[in-house]
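Here are the chains, one letter per residue:
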Amino acid sequence: SDRPIGTFLSGGLDSSVIAAFIKKFHLENGMKTNLNTFSVGLEGSPDLAYANIVAKHIDSTHHHVEITTEDCLGAIEDVVYATETFDVTTIRASTPMYLLSKYISEKTDDVVIYSGEGSDEVTQGYLYFKKQPNSREGALESQRLMEQLYEFDVLRVDRTTASHGLEIREPFLDKAFIQHYYNLPANIKCPRNGIEKYHLRKAIEVTYPGLLPDEILWRQKEAFSDGVSSFKKKSWVDELKDHAESVISDEQFEEERKQFEPMPMFKDALYLRRVYNYYYGEIQPPLISKYWIP
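This report concerns the structure included in the present document.

**Digging into the packing of helix H4 (residues 88–107) against helix H15 (residues 267–280)**
Here comes step 1: Direction vectors running N to C along H4 and H15 enclose 75°, while the axes themselves pass 10 Å from each other. Classified by the interaxial angle, the pair formed by H4 and H15 is roughly perpendicular. Residue-level contacts link Val88, Ile91 and Arg92 of H4 to Asp268, Ala269 and Leu272 of H15.

Here it is in structure tokens:
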């Protein structure tokens, strides 16, 4: 490429694996341009801390982007408009990614950005997979999540990056990789020893020793909106809830939420639905087939 390649780096397993493999490819092929890695979070967030560990380990040109709660709240309307969704979980996770994409567009020459979407769905990476009644049910749930990716995680990364002129690449959604993983026996794909994505982690540990530090390779899954939150202050999740609480009274909530289907269960959901309806009006049936509920 005439321009440097970049990759999102949260310090979680998926983005770290991708960054490490791209850097490995650069070194093996004598490429002179260094890999740009990008992390985002509030001051003191775990993602920023772990991303720094990975960046030092692979020797990338790292961009450590700290944002504030005010930045996030100020971007909410733009994020809802860009993503065309009112799903609370999607908007919460989209906001830091939107701000990071804006930084990349304004501050660097990067256009092609790699990301780790799809891994949790394909490799059963969400923590609740540990509670699956049996491996067959786990495999079916993985397939269900894959079929809905376009409504949630892929929607998030596609819209937040494209709105700033970036092109996203998602290696874990490569057809050959998905087909290979789906063809594995169900009891191999499911969590083992209380560890999600055990098979993927072990395969990397055995095949590419030293590719990542153990504290990264075996780091437990963390939701993006949790990972960008601060160790020191209130979480981004709670900040959004508090903001909704400040602009919607209890009386307004009880009356207004009855107008919508699905009916918002909490004030942050109603707040985001208000913003969505401002731009897109009331669409029936809703664009979201499943609604994430805490």
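Next, the rest of the story.
**Digging into the pairing of strand S2 (residues 36–42)**
Here comes step 1: In terms of burial, S2 is a largely internal element, seven of the seven residues being buried.
Here comes step 2: Where burial is concerned, the two faces of S2 agree: the one with Asn36, Phe38, Val40 and Leu42 and the one with Thr37, Ser39 and Gly41 are both buried.
Here comes step 3: Since strand S1 (residues 6–8) and S2 lie parallel, the crossover through helix H1 (residues 13–28) that links them has a hand, and here it is right-handed.
Here comes step 4: Pairing geometry for S2 and strand S3 (residues 61–67), over seven bridges, is parallel. Bridging across to S3, Gly41 finds its partner in Glu66.

**Considerations on the side chain of Arg219**
Here comes step 1: Inspection of the secondary structure assignment puts Arg219 in the loop between helix H11 (214–217) and helix H12 (224–227).
Here comes step 2: A distance of 3.3 Å separates polar atoms of two side chains, one belonging to Arg219 and the other to Asp47.
Here comes step 3: Ignoring sequence-local partners within four residues, the contact set of Arg219 consists of Ser10, Gly11, Gly12, Pro46, Asp47, Tyr50, Glu196, Arg201 and Asp214.

**Observations concerning helix H2 (residues 46–58)**
Here comes step 1: For H2, spanning 13 residues, the distance from its first C-alpha to its last is 19 Å, which sits close to the expected 18 Å at 1.5 Å a residue.
Here comes step 2: Of all the residues in H2, the buried ones are Pro46, Asp47, Leu48, Ala51, Val54, Ala55 and Ile58.
Here comes step 3: A positive backbone phi angle near 60° is found at Asp59, which sits one or two residues after H2.

**Some points on the side chain of Gln132**
Here comes step 1: Of note, Gln132 is situated in the loop between helix H5 (119–122) and helix H6 (135–147).
Here comes step 2: Looking at Gln132, its side chain comes within polar contact range of the side chain of Gln124, at 2.9 Å.
Here comes step 3: Discounting residues that sit within four places of it in the chain, Gln132 has contacts with Gln124, Gly138, Cys190 and Pro191.

**Digging into the pattern of salt bridges**
Here comes step 1: A complete count under the given rule lists 19 salt bridges for this structure.
Here comes step 2: A salt bridge links Lys24 to Glu28; the shortest N-O distance between them is 2.6 Å. With Lys24 and Glu28 both in helix H1, this residue pair falls four residues apart, about one helical turn.
Here comes step 3: What makes Lys24 partly exposed here is its relative accessible area of 27%.
Here comes step 4: Bridged by salt links that share partners, the residues Asp14, Asp120, Lys197 and Lys221 form one connected network.

**What about the packing of helix H3 (residues 69–83) against H15?**
Here comes step 1: It is at 9 Å that the axes of H3 and H15 come closest, and there the two elements cross at 60°. Judged by the inter-axis angle, H3 sits oblique to H15. Crossing hand, H3 versus H15: right-handed. Two secondary-structure elements touch here, H3 through Ile76, Glu77, Val80 and Tyr81 and H15 through Tyr271, Leu272, Val275, Tyr276, Tyr279 and Tyr280.

**Some details on the environment of Lys234**
Here comes step 1: As for its position among the elements, Lys234 is in the loop between H12 and helix H13 (236–247).
Here comes step 2: On the accessibility criterion, Lys234 (40% relative accessible area) is partly exposed.
Here comes step 3: In this structure the C-alpha to C-alpha distance between Lys234 and Leu42, which are 192 residues apart in sequence, comes to 9.9 Å.
Here comes step 4: With residues up to four places along the chain from it excluded, the contact list for Lys234 reads Glu239 and Asp242.

Procedures and definitions
- Residues numbered from 1 in each chain as written.
- Predicted model: local features only at pLDDT ≥ 70, side-chain atom pairs only at ≥ 80, totals over all residues.
- Heavy atoms only, no water.
- Axes fitted to C-alpha atoms, helices over the stretch in contact; angles between N-to-C directions.
- Helix = DSSP H or I, 4+ residues; strand = E, 2+ residues; numbered from the N terminus.
- Parallel < 35°, antiparallel > 145°, perpendicular 65-115°, else oblique.
- Contact = heavy atoms within 4.5 Å.
- Buried < 20%, exposed > 50% of the residue type's maximum accessible area, 1.4 Å probe, protein only.
- Right-handed = clockwise from strand over helix to strand, strands pointing away.
- Pairing = 2+ DSSP bridges.
- Polar contact = N/O pair within 3.5 Å; in protein donor to acceptor, adjacent residues only side chain to side chain.
- Expected span 1.5 Å × (residues − 1).
- Salt bridge = Lys/Arg side-chain N within 4 Å of Asp/Glu carboxyl O.
- Left-handed = near helix turned anticlockwise from the far one by under 90°.

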